[in-house]
Amino acid sequence: MRAPGQMTGRKAIVMELKQIRMGIVGAGTWGATHASIYAEHICADPVAICDMNKEKAQEIAEQYGIRKVYTDYKELAADKEIDAVAIVTPDFAHADIACAMADAGKDILIEKPLATTREDVDRICEAVKRNGVRCMVDLHNRWNAPFNKAKQEIASGKLGKPYTAYIRHSDVKWVATDMLSWAAKSSILWFLGSHSLDSLRWLVESEAKRVYSVKKEGLLKERGVDVPDIYLTTIEFENGVVAHMENGWVTPNGNRNVNDFLCDVMCTEGMIKLNLSAHNMIEEITEESSSVPDILVSNMVFDKCKGLSYESIRDFVDRLVDGREFRVTLEDSRRTAIAILAILESAEKGVPVEVSY
C-alpha cells in the first residue's frame, strides 16, 4: 500500500523529470504541431501560446490544454513561468521576437531560417550570446532517416571522400499560391533552400566558399505571387566539393508528392543516391489519381506525431533536459543563412559571389 498522497505510474515519473515549460509564438498549422508535441512529451509542459489572432490561439490552447493565451509576444516574454519559447512565425518575422525572448532569459527554438537579413541574423546571435540563453533553429532534415543514414555511410569513409553533390528540394505550386499567404515576402531559398544547404554542409562537412545562382520567374507572378519561381545554384565548398542545388516553387500540382526531393553525393570511391519523392514504399491509387502518402516528413502513428519534422522539435526539448549541445548549433544556422543571402545576391547580380561569414 502506498502512503497517502504518494503518486504512482506515469505522473510520478513525470514529477521526477525536469519539466521544460514551453511558450509558442505563432498559431498557424505548425504552431499546432509544436503544441501537440509538447503536450505529449514527458518532459514538456505547453504553458502559453501567442498569436495576433486570438481565436486561432485559443482554439489550439483548448485542443492541447494550454493554460494561457496571449496576443502580444512581449507579454509572453514577460511570463516568468515559461522556460523556453518556440518561434513559429513566417520566415521574415523572427528577429524581434527572438531578441525579446533572449532578453527575457528564455531558451529559443526558431523555425527555419534563423532570419532573412544579415542585420537580423547578427541581432539574434548577439542577443543569445549576451543573455547566455540557448538557441536552436529547426533545420530538421538532419533527422530525416535516409539523410541521416547517408551521413553515417559517408562519415564511415568506406565511400572515400565527398567529391561532388546534387540536391533538388522543391514544392508544388500550391504551396506558394495557396498554403502560404506570405510567400511573396519570402523565397523558396528560405523556405526549402535552408534545408538543402544545411544538408549539403552537413553531408560534405564543409562550408560554402563561393556561390553562383540563376533564377527564373514568371509562372508564379502570373498567379499573383510576386516571387521568383526557381533558383539553380552552383556551390563551391572550402574542401573542394562542388554541388548543384535546385529549389523551386513551380513543380506541377499533379506531382504525387508535395515535395520534389532528390539528393546524390558522389565520393571518390562510391556514391549515395536518395529519392524521397517517389520512395515506392507506399502508394495510394483511386479511380482518379495516384499519390505517395507522406511517411517521412510528418504523419501519425497511433495518434502521435511521427516523422523527421517532429523529431527535431522533440530533440530540442531533450537537449534542454540533458544539457547536451543541439544537433543544429546556432553557428550552423548562422552560416546557412549567410550563404543563402550570398545565393540571393548572386541571382540578382548574375555573377559569382564569395560567401563572407
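Scroll up a little and you will see the structure.
Remember, predicted model here, so these are calculated numbers, not experimental data.

## Structural notes on helix α9 (residues 188-204)
Relative to the 24 Å expected for 17 residues at 1.5 Å per residue, α9 spans 22 Å between its end C-alpha atoms, a close match to the ideal helical length. In α9, a bend of some 40 degrees at Ser194 exceeds every other bend along the element. Between the side-chain oxygen at the start of α9 and the backbone nitrogen of Leu189 there is a gap of 3.0 Å, and the oxygen is on Ser187. Once α9 finishes, Glu205 follows within two positions and takes phi at roughly 55 degrees, a positive value.

## So, the side chain of Thr116
As for its position among the elements, Thr116 is in the loop between β5 (107-111) and α6 (118-131). With sequence-adjacent residues up to four places away left out, Thr116 is seen in contact with Asp91, Phe92, Trp190 and Leu341.

## Things to note about the packing of aromatic side chains
Scanning the entire structure with this criterion turns up six aromatic pairs. Pairing Trp182 with Phe191 gives two aromatic rings, centres 6.3 Å apart and planes at 70 degrees, and the pair type is edge-to-face. Taken as a pair, Trp182 and Phe191 share a single burial class, namely buried. Ring geometry for Phe191 and Trp249: centres 5.8 Å apart, planes at 45 degrees, overall tilted. Of this pair, Phe191 sits in helix α9 while Trp249 is found in the loop between β10 (242-248) and β11 (259-267), placing the two residues 58 residues apart along the sequence. Put simply, the rings of Phe92, Trp182, Phe191 and Trp249 pair up and form one aromatic cluster. The positively charged end of Arg134 is found above the aromatic ring belonging to Phe326, 4.2 Å away from the centroid. For the cation-ring pair, Arg335 lies above Tyr357, with the distance from its terminal atom to the ring centre recorded as 4.6 Å.

## Regarding the packing of helix α2 (residues 29-40) against helix α11 (residues 308-322)
Two numbers describe a pair of packed helices, the interaxial angle and the distance between the axes. At a minimum axis distance of 10 Å, the contact between α2 and α11 shows a crossing angle of 55 degrees. The orientation of α2 with respect to α11, classified from their angle, is oblique. Seen along the crossing, α2 lies across α11 with a hand that is right-handed. Within the contact between the two elements, α2 uses Trp30, Thr33, His34, Ile37, Tyr38 and Glu40 and α11 uses Ser309, Tyr310, Ile313, Arg314 and Val317. Residue classes in the contact of α2 with α11 are distributed as six nonpolar, three polar and two charged.

## Quick word on a nonpolar patch on the surface
On the surface, Tyr163, Met266 and Met271 cluster together into a nonpolar patch covering about 300 Å² of accessible area. As for its position among the elements, Met271 is in strand β12 (residues 270-275).

## A few points about the environment of Asp318
Following the sequence through the fold, Asp318 ends up in helix α11. Judged by relative accessible area, Asp318 falls into the partly exposed class, the value being 28%. Taking the C-alpha atoms as reference points, Asp318 and Lys18, 300 residues apart in sequence, are found 10.0 Å from one another.

## Some remarks on the packing of α6 against helix α12 (residues 330-349)
Where α6 contacts α12, the two axes come as close as 10 Å, and the packing angle between them is 170 degrees. Here α12 runs roughly antiparallel to α6, going by the angle between their axes. Between α6 and α12, the residues in contact are Arg118, Val121, Cys125 and Val128 and Leu330, Arg334, Ala337, Ile338 and Leu341, respectively.

## With respect to the pairing of strand β2 (residues 44-50)
Judged by how many residues are buried, β2 sits mostly within the fold: six of seven residues are covered. Where strand β1 (residues 20-25) lies against β2, six bridges are found, and the strand directions are parallel. Within β2, the residue paired with Gly23 across the bridge is Ala48. Between the parallel pair β2 and strand β3 (residues 68-70), the chain is carried across by helix α3 (residues 54-64), and the sense of this crossover is right-handed.

## A few points about unusual backbone geometry
The residue after Lys112, namely Pro113, is reached through a cis peptide bond having omega -5 degrees. In the Ramachandran plot, Glu205 falls in the positive-phi region, its phi being about 55 degrees despite a non-glycine side chain. Residue position: Glu205 is located in the loop between α9 and β8 (208-216).

## Quick notes on the sheet that holds β3
Here six strands make up an open sheet; going across it, the order is β3-β2-β1-β4-β5-β6 and the pairing parallel. In this open sheet, the two edge strands, each paired with only one partner strand, are β3 and β6 (135-138). Neighbour to neighbour, the strand axes of the sheet diverge by 25 degrees on average, direction disregarded. Judged from the four bridges that link them, β1 and strand β4 (residues 84-87) form a sheet pairing that is parallel. Across the sheet, Ile24 pairs through a bridge with Ala86, a residue of β4.

Each value, and the rule that gives it
- Residues numbered from 1 in each chain as written.
- Predicted model: local features only at pLDDT ≥ 70, side-chain atom pairs only at ≥ 80, totals over all residues.
- Heavy atoms only, no water.
- Helix = DSSP H or I, 4+ residues; strand = E, 2+ residues; numbered from the N terminus.
- Expected span 1.5 Å × (residues − 1).
- Bend = angle between axes of the 7 residues up to and from the residue.
- Polar contact = N/O pair within 3.5 Å; in protein donor to acceptor, adjacent residues only side chain to side chain.
- Contact = heavy atoms within 4.5 Å.
- Phe/Tyr/Trp six-rings, centres within 6.5 Å; stacked < 30°, edge-to-face > 60°.
- Buried < 20%, exposed > 50% of the residue type's maximum accessible area, 1.4 Å probe, protein only.
- Lys NZ or Arg CZ within 6 Å of the ring centre and 35° of its normal.
- Axes fitted to C-alpha atoms, helices over the stretch in contact; angles between N-to-C directions.
- Parallel < 35°, antiparallel > 145°, perpendicular 65-115°, else oblique.
- Left-handed = near helix turned anticlockwise from the far one by under 90°.
- Nonpolar A, V, L, I, M, F, W, Y, C, P; charged D, E, K, R; others polar.
- Patch = residues over 30% accessible without salt bridge, like charges linked within 9 Å, V, L, I, M, F, W, Y side chains within 5 Å.
- Areas by Shrake-Rupley, 256 points an atom, 1.4 Å probe, with all protein chains shown as cover.
- Salt bridge = Lys/Arg side-chain N within 4 Å of Asp/Glu carboxyl O.
- Pairing = 2+ DSSP bridges.
- Right-handed = clockwise from strand over helix to strand, strands pointing away.

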